[in-house]
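Observations on chain architecture
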Amino acid sequence: ISTLEDYFAGADELAKVRDFNLVGARLDQDVSADQTVFEVRGINIYAREMLEGLEAIIRAGAYNQLGIERRAKRFRTLMAFPSAQKQAVFFSRVARAIYGDDHPYAAGGADGAPTLESIGRLDRDAALAFKSRHYTAANATLIIAGRFDPVEMEKKVRSVFGGWKKGAKDEPIARAPRPRSGPIYLGAASGVPSPIVQMFIAFPAPHGADGQIAARLVLASMLTRRMGKVREELGAAYGVYAGVSRNVGPGSYTIGGPVDAERAGV
């Protein structure tokens, strides 16, 4: 069982993270092909505790070697199943079709997913080196939403994060999508009889999260509602959805998922 002491050696950082937990703040993380997002939620009167806890987690948080090894073991166990292997190959083909064979998004696992080779190279030292190289002020954007006094909040932010050094700034990934004249239709056959086929349609989308990201999310939701016909009228699939990527580089709208092989043509 891991404890906070396994991740924070400094007494000051440890105290801040404990206070973060005591005020009931919630921390979520999301990792994609080219960005890591830390999201904190809580009551606005505890803004300082949330800011200090978040800052300590990003700056001083370490990694647990045993936890990394357990994660790698679970991944290897999963990839021993033929179904998982076929799915990994399929989504790698999707990434290459959308972005191009040589694009970073298509290298290794699709959308930054690990591979058996990359998971074997991961350990505590490698994770800390990655964090030190990329989790810098120059690469970071801090967004605060909710009900608060902007002047007072800015004072708190400068007090908590003002000591960060700029650090290195990563070059953005090439934003040009693979040239095409229309959507890409992709299906994969494994050569092994199966009641399910994976099907995808992909369209190019703008990169990043700009002023139109909300409209693109609404469009993705509308496409998902259209896909309701596949579930409700055709009875061909219950897991077919639409989505839009928010990559720093090329983006895409995707529609698809597992479909009943007998109904795939329909």
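Refer to the preceding data block for the structure.
Below or above, wherever it landed, is the structure these notes cover.

Reading the values: the criteria
- Residues numbered from 1 in each chain as written.
- Predicted model: local features only at pLDDT ≥ 70, side-chain atom pairs only at ≥ 80, totals over all residues.
- Heavy atoms only, no water.
- Helix = DSSP H or I, 4+ residues; strand = E, 2+ residues; numbered from the N terminus.
- Buried < 20%, exposed > 50% of the residue type's maximum accessible area, 1.4 Å probe, protein only.
- Contact = heavy atoms within 4.5 Å.
- Polar contact = N/O pair within 3.5 Å; in protein donor to acceptor, adjacent residues only side chain to side chain.
- Core = buried A, V, L, I, M, F, W, Y, C linked by side-chain atoms within 4.5 Å.
- Pairing = 2+ DSSP bridges.
- Axes fitted to C-alpha atoms, helices over the stretch in contact; angles between N-to-C directions.
- Salt bridge = Lys/Arg side-chain N within 4 Å of Asp/Glu carboxyl O.
- Phe/Tyr/Trp six-rings, centres within 6.5 Å; stacked < 30°, edge-to-face > 60°.

In terms of helices and strands, the chain carries nine helices and six strands. Across the 266 residues of the chain, 29% fall into the buried class. Taking the intrachain contacts of the chain between residues at least 6 apart in sequence as the baseline, contacts between residues at least 24 apart amount to 67%.

Before going further, it helps to spend a moment on the side chain of His-103. Considering the arrangement of structural elements, one finds His-103 in the loop between helix H4 (82-99) and helix H5 (116-120). Of note is the side chain of His-103, whose polar atom sits 3.0 Å from the backbone nitrogen of Tyr-105. Apart from the residues within four sequence positions on either side, His-103 is in contact with Ile-173, Ala-174 and Pro-250.

Looking now at the nonpolar core. Counting 12 residues, the largest nonpolar core is built from Phe-90, Val-94, Ala-95, Ala-97, Ile-98, Tyr-99, Tyr-105, Ala-106, Ile-184, Leu-186, Phe-200 and Ala-202. The greatest single-element share of this core, amounting to six residues, is contributed by H4. Excluding anything up to four places from it in sequence, Phe-90 contacts Leu-186, Gly-187, Ala-188, Gln-198, Met-199 and Phe-200.

This part covers the sheet that holds strand S4 (residues 196-205). Strand order in this open sheet of four strands is S3-S4-S6-S5, and the pairing throughout is antiparallel. The strands lining the two open edges of the sheet, one partner per strand, are strand S3 (184-188) and strand S5 (241-244). Taken over all neighbouring pairs, the strand axes of this sheet differ in orientation by 20 degrees on average, direction set aside. Here S4 pairs with strand S6 (residues 251-260) via 10 bridges, running antiparallel. Residue pairing across strands places Pro-204 opposite Ser-252, the latter belonging to S6. This element, H4, spans S3, S4 and S6 of the sheet and lies at about 160 degrees to S3. Here helix H8 (residues 213-226) sits on the sheet and contacts S5 and S6; the angle it forms with S5, its principal contact strand, is near 165 degrees.

In this structure the tally under the stated criterion is 11 salt bridges. Note that Arg-48 is salt-bridged to Glu-52, the shortest N-O span being 3.2 Å. Placement of both Arg-48 and Glu-52 in helix H2 (residues 47-60) is noted, with a separation of four residues, approximately one turn of the helix. The class of Arg-48 is partly exposed, set by a relative accessible area of 30%. Judged by its relative accessible area of 21%, Glu-52 is partly exposed.

Let's shift gears to the packing of aromatic side chains. The final tally for this structure, using the stated rule, is seven aromatic pairs. Plain terms: the ring middles of Phe-91 and Phe-200 are 5.5 Å apart, the flat faces sit at 80 degrees to each other, and that makes the pair edge-to-face. Linking Phe-91 in helix H4 with Phe-200 in strand S4, this pair joins segments that are 109 residues apart in sequence. Judged by relative accessible area, Phe-200 falls into the buried class, the value being 14%. Pairing Tyr-99 with Tyr-105 gives two aromatic rings, centres 5.0 Å apart and planes at 75 degrees, and the pair type is edge-to-face. Summarising the burial analysis for this pair, Tyr-99 and Tyr-105 share the class buried.

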